[in-house]
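Close look at the chain arrangement
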Amino acid sequence: MQVITGPTAVGKTEWALAWAERHDAEILSCDSLLFYRGMDIGTAKPTAEERTRVPHHLIDIRSLREPMDVAEYVRLARTAAEEIAARGRRILVVGGSGFYLKAFFAPIADDVRVPEEIRREVAGLVLKEALERLRSLNPAGLGTLDVANPRRVARALERCLASGRTLAELSRQFASQPSAFADWKVSLLRLERPREELERRIEERVGRMLSAGLLNEVAVLVEQGLRDNPSARRAIGYRECLEVIDGNLARDRLAEAVIKSTRALVRKQGTWFRTQLPAHQALKPEKR
């Protein structure tokens, strides 16, 4: 199994298609937004023609009202990988969604299932109350937990209440788990470009998206539940378009805002790739 990643706008789609055609492979998407039907322009989703050239998997498998999480992704990815391998074809995993990519190399989800009644109980607590409860369950301390982040505190409290274990115990158990693909040979390749070239490509990409009708796409998706899907509504390009629709951003500032957000994302992706993914081979595609 070959995994290819790299920052937004580096050219993963084009490179992946050529690699897959040369190696008789099928593409397994690892992009947290390509799951959703209708999110086409703003995600630079592979076109129908590109998906005809090479079979793609885990694209357009959810409506905006059907959220996806990494545990479900792993289940679907393993099933797809096994089916591809059974056909005697190679598997090329393609994407830039760091947490989902990590699932191919390390454990990313434990077996703690949080009942709905615990979620409701924790949701009714303010940050100070949740921290007090969490500290009472963890007398030895909270480790590296970001105690200023309400969402992370809430998730930690939910898991302690649901499991009856401390954060330290949960952490030790989690670290001992194998990755979901431990029984596969997985190699990682990362596409890289010089900063100036990548910034030019980001500007060109944003220009193409806006010319193709990204603002109209977002208006349609609002009717399909975009605002009710946290990961989708916060996605770069979509959130800025929502600001225009809501009157909080001038239309003539849209391109600038999306470019700025994309550059910030690329910096975060670079940090994630360096610190969270294993050693990899770097490849510099031809300048285009």
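Here, the structure is the one placed above.
Overview of the structure.

Rules used in this analysis
Residues numbered from 1 in each chain as written. Predicted model: local features only at pLDDT ≥ 70, side-chain atom pairs only at ≥ 80, totals over all residues. Heavy atoms only, no water. 1 Å grid on protein atoms, 1.4 Å probe; cavity = no way out; pocket = protein on both sides within 12 Å on 5 of 7 lines; lining within 4 Å. Points joined across faces, edges and corners; volume = space filled by probe spheres on them. Helix = DSSP H or I, 4+ residues; strand = E, 2+ residues; numbered from the N terminus. Salt bridge = Lys/Arg side-chain N within 4 Å of Asp/Glu carboxyl O. Buried < 20%, exposed > 50% of the residue type's maximum accessible area, 1.4 Å probe, protein only. Phe/Tyr/Trp six-rings, centres within 6.5 Å; stacked < 30°, edge-to-face > 60°. Lys NZ or Arg CZ within 6 Å of the ring centre and 35° of its normal.

Topic: the layout of surface pockets
Space inside the second largest pocket adds up to approximately 350 Å³. Surrounding the second largest pocket, 17 residues form its lining, Pro7, Arg195, Leu198, Val266 and Arg267 being those nearest its centre. Listing elements by their share of the lining of the second largest pocket, those giving two or more residues are helix H9 (195-211) and helix H13 (254-276). Take the lining of the second largest pocket: its biggest share by element is 7 residues, from H13.

Examining the pattern of salt bridges
In this structure the tally under the stated criterion is 23 salt bridges. Note that aspartate 60 and arginine 51 form a salt bridge whose closest N and O atoms lie 3.3 Å from each other. Residue aspartate 60 is classed as partly exposed on the basis of its relative accessible area of 25%. Classification of arginine 51 as partly exposed rests on a relative accessible area of 27%. For arginine 119, the salt bridge goes to glutamate 158, with nearest N and O atoms at 2.9 Å. Of the two residues, arginine 119 sits in helix H5 (residues 116-123) while glutamate 158 sits in helix H7 (residues 150-163), which places them 39 residues apart along the sequence. Through salt bridges with shared partners, one network takes in Asp24, Glu26, Arg87 and Arg89.

Comments concerning the environment of isoleucine 4
Here isoleucine 4 lies in strand S1 (residues 2-5). Expressed as a C-alpha distance, the spacing of isoleucine 4 and leucine 188, which sit 184 residues apart in the sequence, is 6.0 Å.

Brief notes about the packing of aromatic side chains
Across all of its chains, the model carries 7 aromatic pairs by this definition. Between tyrosine 73 and tyrosine 100 the ring centres are 5.2 Å apart and the planes differ by 80°, which places this aromatic pair in the edge-to-face class. Pair noted here: tyrosine 73 is in helix H3 (residues 70-86) and tyrosine 100 is in helix H4 (residues 98-102), with a separation of 27 residues, a long-range link. Side by side, tyrosine 73 and tyrosine 100 carry an identical accessibility label, which is buried. Grouping aromatic residues by their ring pairs yields a cluster made of Phe35, Tyr36, Tyr73, Tyr100, Phe104 and Phe181. Over the ring of phenylalanine 181 we find arginine 78, and its NZ or CZ is 5.7 Å from the ring centre.

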